[in-house]
Amino acid sequence: MSSTRKGKAKLRTASDVISRLRWSVDASIDFGSDRVIIGYDDRINGPMEKPVDDFVSACKGGDIPEHRILYFRRSANPPSENGPDDIGDIVWDRLARRDTIFGSGHGASCPAAPDTLLAARTAICTMRRLE
């Protein structure tokens, strides 16, 4: 007799995604970590972003705890050239449980959550304002 567990689809952690982007030589990941940006919730400034290559986990002395990471997005342009409507492709979205890196959660077929898209646009504007 098989038991089925109903509820949320299991989503790989942000830490798993960071490791995969930094260290994988898998040809199926056709973009480098230099074009992937972490979107996170800053308690003071609201949504903000940081390139994956600049991220240091809180347990290793960084200042962003993993539970504050909202999304990862792949940008067609370098981060400094992004406009608020040029968010690129959300490749991992905690709210929508979207994961195009591993295919966990609801997978790549699930659209990004509207709140995540809004957070990405807000983060781009916030980062420009703080430059």
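Just above, that's the structure.
Scope of this entry: the structure provided in the associated data block. (Residues numbered from 1 in each chain as written. Predicted model: local features only at pLDDT ≥ 70, side-chain atom pairs only at ≥ 80, totals over all residues. Heavy atoms only, no water.)

### Points about unusual backbone geometry
Here is step 1: Residues other than glycine seldom take positive phi values, yet Arg 97 does so here, at roughly 60°.
Here is step 2: Tracing the backbone through its elements, the reader meets Arg 97 in the loop between strand S4 (89–93) and strand S5 (98–99).
Here is step 3: Overall, Arg 97 belongs to the buried group, its relative accessible area being 18%. (Helix = DSSP H or I, 4+ residues; strand = E, 2+ residues; numbered from the N terminus. Buried < 20%, exposed > 50% of the residue type's maximum accessible area, 1.4 Å probe, protein only.)

### Some words on the side chain of Asp 99
Here is step 1: Its location among the elements puts Asp 99 in strand S5.
Here is step 2: Within the buried set, Asp 99 has no salt-bridge partner at all; the shortest N-O distance to an opposite charge, 6.2 Å, is to Arg 12.
Here is step 3: Side chain to side chain, Asp 99 and Ser 104 meet in a polar contact 2.5 Å long.
Here is step 4: If near-sequence neighbours (up to four positions away) are discounted, Asp 99 is found in contact with Leu 11, Arg 12, Val 91, Trp 92, Ser 104, Gly 107 and Ala 108. (Lys, Arg positive; Asp, Glu negative; His and termini not counted. Salt bridge = Lys/Arg side-chain N within 4 Å of Asp/Glu carboxyl O. Polar contact = N/O pair within 3.5 Å; in protein donor to acceptor, adjacent residues only side chain to side chain. Contact = heavy atoms within 4.5 Å.)

### Some thoughts on the pattern of salt bridges
Here is step 1: On inspection of all chains with the given rule, the structure shows six salt bridges.
Here is step 2: Arg 68 is paired through a salt bridge with Asp 41; the nearest N and O atoms lie 3.2 Å apart. With Arg 68 in the loop between strand S2 (46–51) and strand S3 (69–74) and Asp 41 in strand S1 (residues 36–42), the pair connects residues that are 27 residues apart, well separated along the chain.
Here is step 3: On the basis of relative accessibility, which here comes to 21%, the residue Arg 68 falls in the partly exposed class.
Here is step 4: With a relative accessible area of 27%, Asp 41 lands in the partly exposed category.
Here is step 5: Residue Arg 74 pairs with Asp 89 through a salt bridge whose shortest N-O separation is 3.4 Å. In this pair, Arg 74 is assigned in strand S3 and Asp 89 in strand S4, connecting sequence segments 15 residues apart.
Here is step 6: Assessed through its relative accessible area of 27%, Asp 89 is described here as partly exposed.
Here is step 7: Linked through salt bridges whose partners overlap, the residues forming this network are Arg 74, Asp 89 and Arg 98.

### Section: the nonpolar core
Here is step 1: Grouped together as the largest cluster of nonpolar side chains are 17 residues, with contacts concentrated most on Ile 18, Leu 21, Ile 38, Val 52, Ile 69, Phe 72 and Trp 92.
Here is step 2: Those elements that place two or more of their residues in this core are helix H1 (14–23), S1, S3 and S4.
Here is step 3: The element that contributes the greatest number of residues to this core is H1, accounting for four residues.
Here is step 4: Those residues in contact with Phe 72, other than ones at most four positions away along the chain, are Ala 14, Val 17, Ile 18, Leu 21, Val 36, Ile 37, Ile 38, Val 52, Asp 89, Ile 90, Val 91 and Trp 92.
Here is step 5: Counting nine residues, the second largest nonpolar core, distinct from the first, contains Tyr 71, Ile 87, Ile 90 and Ala 123. (Core = buried A, V, L, I, M, F, W, Y, C linked by side-chain atoms within 4.5 Å.)

### Observations concerning the packing of aromatic side chains
When we look at a pair of aromatic rings, we describe it by the centre distance and by the angle of the planes.
Here is step 1: One pass over the structure, following the stated rule, counts one aromatic pair.
Here is step 2: Ring geometry for Phe 72 and Trp 92: centres 5.4 Å apart, planes at 80°, overall edge-to-face. Here Phe 72 is found in strand S3, whereas its partner Trp 92 is found in strand S4, with 20 residues between them in sequence.
Here is step 3: Overall, the relative accessible area of 3% leaves Trp 92 in the buried class.
Here is step 4: Between the NZ or CZ atom of Arg 12 and the centre of the ring of Phe 102, over which it lies, the distance is 4.0 Å. (Phe/Tyr/Trp six-rings, centres within 6.5 Å; stacked < 30°, edge-to-face > 60°. Lys NZ or Arg CZ within 6 Å of the ring centre and 35° of its normal.)

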